[in-house]
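Letter by letter, the chains look like this.
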Amino acid sequence: WEGGASLVQGSSIKDTQFSIIFTSPATLWSGQSLAAKKDVVTNDFALKTVKAMATRAGYKVVNDSVKYKGNQEITTFSVV
């Protein structure tokens, strides 16, 4: 697998959007299947990890989403 992370910086931390992109992760097929059925994606392990780390640092993850594009899993979120 491959991956990367990026951010689009806003005027404050609340306006900053973070993205984590995995290429061909092990959870790709099951995540795509859940998303296609409009079910809740429950194998969003990167997002779960981000939420736990943000909480420990005193932040809260908001505006989060997990989307699939081709062989990529794209997780986006902001923190407050």
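Our subject is the structure listed above.
All of these numbers come straight from a predicted model, not from anything done at the bench. (Residues numbered from 1 in each chain as written. Predicted model: local features only at pLDDT ≥ 70, side-chain atom pairs only at ≥ 80, totals over all residues. Heavy atoms only, no water.)

> Is there a simple way to explain helix 2 (residues 45-56) in this structure?
Since the α-helix advances by 3.6 residues per turn, residues separated by three or four positions end up pointing in the same direction. Over its twelve residues, helix 2 extends 17 Å from the first C-alpha to the last, a length consistent with the 16 Å expected when each residue adds 1.5 Å. Where helix 2 is concerned, the buried positions are Ala46, Leu47, Val50 and Ala54. Down the axis of helix 2, the buried set is contained in an arc of 95°. They therefore lie on one face. Along helix 2, exposed side chains directed more than 90 degrees from the buried face belong to Thr55 and Arg56. (Helix = DSSP H or I, 4+ residues; strand = E, 2+ residues; numbered from the N terminus. Expected span 1.5 Å × (residues − 1). Buried < 20%, exposed > 50% of the residue type's maximum accessible area, 1.4 Å probe, protein only. Arc of directions from axis to C-beta.)

> Which parts of the structure should I look at to understand the sheet that holds strand 4 (residues 72-79)?
Each strand in a sheet pairs with another by means of backbone hydrogen bonds, the pair being arranged parallel or else antiparallel. Taken together, the four strands give an open sheet; going across it, the order is 1-2-4-3, and neighbouring strands pair in antiparallel fashion. Strand pairing shows two members of the sheet lacking a second neighbour, strand 1 (2-8) and strand 3 (61-69), which therefore form its edges. Each strand of the sheet is rotated relative to its neighbour by a mean of 15°, with strand direction disregarded. Where strand 1 and strand 2 (residues 17-23) come together, seven bridges link them in antiparallel fashion. Bridging from a neighbouring strand, Val8 pairs with Gln17 of strand 2. Relative to strand 3, helix 2 is tilted by about 165°, and along the sheet it contacts strand 2, strand 3 and strand 4. (Pairing = 2+ DSSP bridges. Axes fitted to C-alpha atoms, helices over the stretch in contact; angles between N-to-C directions. Contact = heavy atoms within 4.5 Å.)

> When you look at the environment of Phe18 in this model, what are you seeing that I'm missing?
Tracing the chain through its elements places Phe18 in strand 2. In this structure the C-alpha to C-alpha distance between Phe18 and Ser78, which are 60 residues apart in sequence, comes to 6.0 Å. Aside from chain neighbours lying at most four places away, what touches Phe18 is Ser6, Leu7, Thr75, Thr76, Phe77, Ser78 and Val79.

> Would you explain the nonpolar core in this entry?
Note that soluble globular proteins tend to have their nonpolar side chains buried in a common cluster. Among the nonpolar cores identified, the biggest contains eleven residues, and these are Ile20, Leu28, Val41, Leu47, Val50, Ala54, Val61, Val66, Tyr68, Phe77 and Val79. The set of elements that each furnish at least two residues to this core consists of helix 2, strand 3 and strand 4. When sequence neighbours within four positions are dropped, the list of residues in contact with Val61 reads Leu47, Val50, Lys51, Ala54, Phe77, Ser78 and Val79. (Core = buried A, V, L, I, M, F, W, Y, C linked by side-chain atoms within 4.5 Å.)

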